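Okay, here's what each chain looks like letter by letter:
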Amino acid sequence: MSHIFAQPYDYELPPQPTLALIVIDMQRDFMEAGGFGDILGNDVDRLRAIVPTLQRLLEGCRDLKIPIFHTVEGHQPDLSDCPQSKLKRGKGPVTIGDESSMGRILILGEPGNSIIPELAPLPGEILISKPGKGAFYKTNLEPQLKARNITHLLITGVTTEVCVQSTMREANDRGYECLLVEDATESYFPEFKQSTLEMVRAQGGIIGWTAPTEAVLQGLKQWQQSQDS
Ligand code: C5J
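Residues numbered from 1 in each chain as written. Predicted model: local features only at pLDDT ≥ 70, side-chain atom pairs only at ≥ 80, totals over all residues. Heavy atoms only, no water.

Caption draft 1: Here's a closer look at the overall build of the protein chain. Counting its regular elements, the protein chain contains 9 helices and 10 strands. For a compact globule of 229 residues, the expected C-alpha radius of gyration is about 17 Å, and the protein chain comes in at 17 Å, within 12% of that figure. Across the 229 residues that make up the protein chain, the buried fraction comes to 55%. Contacts in the protein chain between residues at least 24 apart in sequence constitute 74% of all its contacts with a sequence separation of at least 6. When the accessible surface of the protein chain is totalled, it reaches about 10,200 Å², and 52% of it is carbon and sulfur. Averaging the coordinates of the 21 positive side-chain charges in the protein chain and doing the same for the 30 negative ones gives two points 4 Å apart. (Helix = DSSP H or I, 4+ residues; strand = E, 2+ residues; numbered from the N terminus. Rg over C-alpha atoms; globule rule 2.2 N^0.38 Å. Buried < 20%, exposed > 50% of the residue type's maximum accessible area, 1.4 Å probe, protein only. Contact = heavy atoms within 4.5 Å. Areas by Shrake-Rupley, 256 points an atom, 1.4 Å probe, with all protein chains shown as cover. Lys, Arg positive; Asp, Glu negative; His and termini not counted. Charge placed at Lys NZ, Arg CZ, Asp CG, Glu CD.)

So this is what it looks like as structure tokens:
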């Protein structure tokens with residue numbers, strides 16, 4: 001049985017892993033100067049630091065033909081899918097639907113809502129637009145996973161304690177075996193990231209596992225060799 005060295009204990013890869021990579025919200029709104037995250041006073045360079053690591057992980061998963069799902073957080077132009085509570089609580093100098101230098105904030109199809117070019121999905125990879133923080137809420141992610149018999153998820157992206165953690169908790173409740181890739185996720189707040197990693201793997205892996213990219217790639221390589229032999 002192949003596995004990934006992880007915390008709180010090894011993450012077993014089934015003989016024919018029904019595994020997918022999920023990349024959460026690596027969109028310009030959160031990642032670039034002039035976007036929503038930046039306007040709210042956050043240091044986007046903190047998030048940009050994981051881009052090379054994610055590129056490496058994507059490359060490894062693409063080589064192994066592991067299905068890849070990308071998400072973006074965004075709303076319809078008329079905001080009909082955005083609860084008033086979310087609109088009100090997003091209040092900084094600007095809020096969802098307002099104009100920014102990248103078009104309307106968190107609105108589907110606007111320039112800021114696209115995934116940063118360095119991590120752009122390739123043909124055949126699945127893009128999920130989500131109106132909530134969790135990627136299962138009001139999306140077709142679950143049917144897409146079920147159609148591919150996927151049971152195991154490698155979870156990455158931003159921000160660790162918001163959309164990434166929400167998605168991981170939703171997935172865990174639905175029975176998916178989730179591993180959060182430690183250096184392929186980031187937060188504007190380092191202490192929130194650290195707490196999330198600890199929360200996820202506490203109590204014997206109450207939400208799932210965590211491991212660094214190197215360990216994930218090593219485990220996947222070992223798995224590939226075992227499939228080939
Ligand atoms: C936030 C996200 N932070 N993708 N979205 O509002 O985590």
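Caption draft 2: Highlighting the packing of helix α7 (residues 160-173) against helix α8 (residues 190-205). Packing of α7 against α8 leaves a shortest axis separation of 10 Å and a crossing angle of 15°. On the basis of their axis angle, the class for α7 and α8 is roughly parallel. The handedness of the crossing between α7 and α8 is right-handed. Contacts from Thr160, Glu161, Gln165, Met168 and Arg169 in α7 reach Phe192, Lys193, Thr196, Met199 and Val200 in α8. Within the contact of α7 with α8, the residues separate by chemical class into 4 nonpolar, 3 polar and 3 charged. (Axes fitted to C-alpha atoms, helices over the stretch in contact; angles between N-to-C directions. Parallel < 35°, antiparallel > 145°, perpendicular 65-115°, else oblique. Left-handed = near helix turned anticlockwise from the far one by under 90°. Nonpolar A, V, L, I, M, F, W, Y, C, P; charged D, E, K, R; others polar.)

Caption draft 3: The arrangement of the sheet that holds strand β4 (residues 68-73) in detail. Taken in spatial order, the 6 strands make up an open sheet running β7-β4-β3-β8-β9-β10, and their pairing is parallel. The outermost strands of the open sheet, each flanked by one partner alone, are β7 (126-130) and β10 (209-211). With direction set aside, neighbouring strand axes in the sheet form an average angle of 25°. As paired elements, β4 and β7 share 5 bridges and run parallel to each other. Bridge pairing in β7 places phenylalanine 69 opposite isoleucine 126. Helix-sheet contacts for α8 involve β9 (177-186) and β10, and the interaxial angle to β9 is about 165°. (Pairing = 2+ DSSP bridges.)

Caption draft 4: Here's a closer look at the environment of leucine 108. For leucine 108, the position within the fold is in the loop between β6 (103-104) and β7. By relative accessible area, leucine 108 is classed as partly exposed at 24%. In sequence terms leucine 108 and aspartate 228 are 120 residues apart; their C-alpha atoms lie 42 Å from each other. Not counting residues within four places of it along the chain, the set of residues in contact with leucine 108 comprises Val72, Gly74, His75, Gln76, Asn113 and Ser129.

Caption draft 5: Fine view of the site of the ligand. With respect to spatial proximity, the complete set of residues near the ligand consists of Asp25, Phe30, Glu73, Lys133, Val158, Thr159, Val162 and Cys163. Threonine 159 is positioned with one of its side-chain polar atoms (N or O) 3.0 Å from an oxygen atom of the ligand. At a separation of 3.1 Å, an oxygen atom of the ligand approaches a polar backbone atom of cysteine 163. Protein burial of the ligand: of its 230 Å² of free accessible surface, 87% is covered by the chains. (Near = heavy atom within 4 Å. Polar contact = N/O pair within 3.5 Å; in protein donor to acceptor, adjacent residues only side chain to side chain.)

Caption draft 6: Geometry of the side chain of histidine 3. Locating histidine 3 in the fold gives a position in strand β1 (residues 2-4). The class of histidine 3 is buried, set by a relative accessible area of 19%. Of note is the side chain of histidine 3, whose polar atom sits 3.4 Å from the side chain of aspartate 10.

Caption draft 7: Quick peek at the pattern of salt bridges. By the definition in use, this model includes 12 salt bridges. For arginine 201, the salt bridge identified is with glutamate 182, shortest N-O distance 3.7 Å. On the criterion of sequence distance, the pair formed by arginine 201 in helix α8 and glutamate 182 in strand β9 is long-range, its members being 19 residues apart. Residue classification places glutamate 182 among the buried positions, given a relative accessible area of 17%. Connected through shared salt-bridge partners, Arg46, Glu186 and Lys193 make up one network. (Salt bridge = Lys/Arg side-chain N within 4 Å of Asp/Glu carboxyl O.)

Any link to function would need more than the numbers given here.
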